[in-house]
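A closer look at the structure
Here is how the chains run, residue by residue.
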Amino acid sequence: YGWTEKAFEGPEKIGSRDVAKPPSDGPLHEYTFLKNEGLLDALRKSAFSPSNTNALSDDAVTKICRQLEFWYTDGGLSDSTDEMIKMAETLVNRSTWYRHALVDDAVALVPKVRFGKTEIRMPIVTCGGMRFQNTWLPDFIPILRPSHADLLKSRPQENIKNVVRTCLKLGINHFETARFYGTSEFQLVSALHQLMEEGEIKREDFIFQTKIPPMDPKSFLRFWKQSWTNVGEKLGYIDLCSLHCCLNVDEPMFTSLAFLEERKAEGKVRHIGFSTHAPAEKIMALINTEKFEYVNIHYHYFGSYHAEGTPSAEGRHGNAACVRRALELDMGVFNISPFDKGGKLYRPTRDVALAVGKETSPMAFAALHAWKIAGMHTVSVGVARPSDLDEVLEAARLYASPDGGEGVAKAVRARLDGL
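A brief look at the structure comes next. (Residues numbered from 1 in each chain as written. Predicted model: local features only at pLDDT ≥ 70, side-chain atom pairs only at ≥ 80, totals over all residues. Heavy atoms only, no water.)

Topic: the nonpolar core
The line we're drawing: Note on terminology: a nonpolar core comprises buried Ala, Val, Leu, Ile, Met, Phe, Trp, Tyr and Cys residues joined through side-chain atoms within 4.5 Å. Classification of residues uses two cut-offs on accessible area relative to the type maximum, computed with a 1.4 Å probe and protein chains only: under 20% is buried, over 50% is exposed, and between them is partly exposed. Working definition: helices are DSSP H or I runs of at least four residues, strands are E runs of at least two. Numbering for both runs from the N terminus. In this analysis, two residues are considered to be in contact whenever any of their non-hydrogen atoms come within 4.5 Å of each other.
Membership of the largest hydrophobic core comes to 91 residues, with the highest contact counts inside it found for Trp371 and Val392. A per-element tally of this core places helix α13 (residues 362–373) first, with eight residues. When residues no more than four places from it in sequence are discounted, the contact partners of valine 392 are Val125, Phe339, Ala367, Trp371, Val379 and Val381.

Given below as structure tokens:
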């Protein structure tokens, strides 16, 4: 969570709490705002009281301090202790409110919406499985494939279980992976299955999605068998099975789709869609086949990703017309990577951070833009640890507010449009 280049350097402490641990031979950086003894004392008595810091993960403390450093040095708050305390309290609250809410098991913090013609009640936040696996090495090449036994005993596997537990408690019950995400598919399925075996969850408690690229029939069958070996006995069926990285309306697409339709008739697949990183005109052609129930697609306020930012047939922003067309056809619409491919918003530029302002974060704005302005149903978060959910859960809280977060989203967009 960058905010400033120097925020990636060095350690500092709040009380006895390490904010960051640098490489032993790396440069040291002392956060400027922590050199202000009067401010530091005030923060310890308010936002960084022991009860608050004990509730924060190390990752959350680091993100908060980087943002406070930005607002102190670049945001004009160096002369206002009161404003810095207010900002610190806001940031701490964003990282802790949902943790306190989890005490009440009856609370469902993430709203659900109808996912188009699938009729699935989809959480507006999806747990993406690209960042928590042991390795990206392909598990379909024997010489590279890690031992399944070793994976199940690894520390990342326990972390995946904790991520799944946290997501389900929050109401995030959609888990998305792919055949080509290294060991992600096997590890995610195993974590879900372990929690089922331990009696913590039931199969109907979650939505499982995996993806396989369209290809010639022999190759597609090979990769299907690998996915089904991971999924079949453990989960019983795949809720959402996608043609992954779909580029063209061509023979491999149609033959792969026909294969999945046969698996749907057998009850192994519930719904079929496609994911894509293609240029806009190719995505529109895929949507207009009217063969799919949902689409995983890039559409972001910041057109920083090559496939999302290509000109549309209307001469406007990349995939906006594709999203509208998918919604017209009652397809479920899933927003791929709004925080990374949507502009690396965990490390915003100075101008963007200032334009978004103090009332929310660039990442929360990206989610609100997808939901409230573009009309997309769910946004994916590549979760490596539970604290990665902090910003998007703040957006979900705004979504659940009386105006659905539209006021904040439109005000931020107007300021960004003025840059």
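Moving on from the coordinates now.
Brief notes about the packing of aromatic side chains
For clarity, the threshold we go by: Ring geometry is summarised as follows: Phe, Tyr and Trp rings, the Trp one being its six-membered ring, pair when their centres sit within 6.5 Å, and such pairs are stacked at plane angles under 30 degrees, edge-to-face over 60 and tilted between the two. Here, a charge over a ring means that NZ of Lys or CZ of Arg falls within 6 Å of the ring centre while also lying within 35 degrees of the ring normal.
In this structure the tally under the stated criterion is 14 aromatic pairs. Their ring planes at 40° and their centres at 5.8 Å tell us that phenylalanine 115 and tyrosine 294 sit as a pair that is tilted. Placement of phenylalanine 115 in the loop between β3 (112–114) and β4 (121–123) and of tyrosine 294 in strand β10 (residues 294–297) is noted, with a sequence separation of 179 residues between them. For the pair phenylalanine 115 and tyrosine 294, one class covers both residues: buried. Measuring from centroid to centroid gives 5.1 Å for phenylalanine 180 and phenylalanine 223, while their planes differ by 45°, and the two rings are tilted. Taken as a pair, phenylalanine 180 in the loop between β6 (174–176) and α7 (184–197) and phenylalanine 223 in helix α8 (residues 217–235) lie far apart in primary sequence, 43 residues in all. Classification of phenylalanine 180 by relative accessible area gives partly exposed; the value is 31%. Residue phenylalanine 223 is classed as buried on the basis of its relative accessible area of 7%. Counting every residue linked through ring pairs, the aromatic cluster contains Phe220, Trp224, Trp228 and Phe259. Here the basic side chain of arginine 203 rests over the ring of tyrosine 237, its NZ or CZ set 3.9 Å away from the ring centre. Here the guanidinium or amino end of arginine 270 rests over the ring plane of tyrosine 237, the centre of that ring lying 3.6 Å away.

Some remarks on unusual backbone geometry
With phi around 55°, glutamate 290 is a residue other than glycine that occupies positive phi space. Relative to the assigned elements, glutamate 290 resides in the loop between α10 (280–287) and β10. Positioned with a positive phi, lysine 344 is a non-glycine residue whose angle comes to about 50°.

Notes on the packing of α8 against helix α9 (residues 251–265)
What counts here: With axes taken as lines fitted to C-alpha atoms, and helix axes fitted only over the stretch in contact, angles between N-to-C directions fall between 0 and 180 degrees. Should an angle fall under 35 degrees it is taken as roughly parallel, and over 145 as roughly antiparallel, whereas 65 to 115 is taken as roughly perpendicular and any remaining angle as oblique. Crossings are classed by handedness, with left-handed meaning an anticlockwise turn of the near helix from the far one by less than a right angle and right-handed meaning a clockwise turn.
Two elements in contact, α8 and α9, have axes separated by 9 Å at closest approach and are oriented at 40°. Relative to α9, the element α8 lies oblique. As α8 packs across α9, the resulting crossing turns out to be right-handed. Across the interface between the two elements, Pro217, Phe220, Leu221 and Trp224 from α8 touch Thr255, Ser256, Phe259, Leu260 and Arg263 from α9.

Some words on the sheet that holds strand β8 (residues 238–243)
Defined as follows: Strands qualify as paired when DSSP identifies two bridges or more between them.
With parallel pairing, the eight strands of this closed barrel are ordered in space as β5-β6-β7-β8-β9-β10-β11-β12. Going from strand to strand, the sheet's axes swing by 30° on average, the running direction of each strand aside. One ladder, built from four bridges, connects strand β5 (residues 125–128) with strand β12 (residues 378–382); its direction is parallel. For glycine 128, the partnering residue across the bridge sits in β12 and is glycine 382.

As for α8
Just so we agree on the cut-off: Throughout, the bend at a residue refers to the angle made by two axes, fitted to the seven residues ending there and to the seven starting there.
Tryptophan 228 marks the point of greatest bend in α8, at about 40°. Restricting attention to buried positions, one finds in α8 the residues Phe220, Phe223, Trp224, Gln226, Ser227, Trp228, Asn230, Val231, Gly232 and Leu235. Count one or two residues on from α8 and you reach glycine 236, which has phi positive near 90°.

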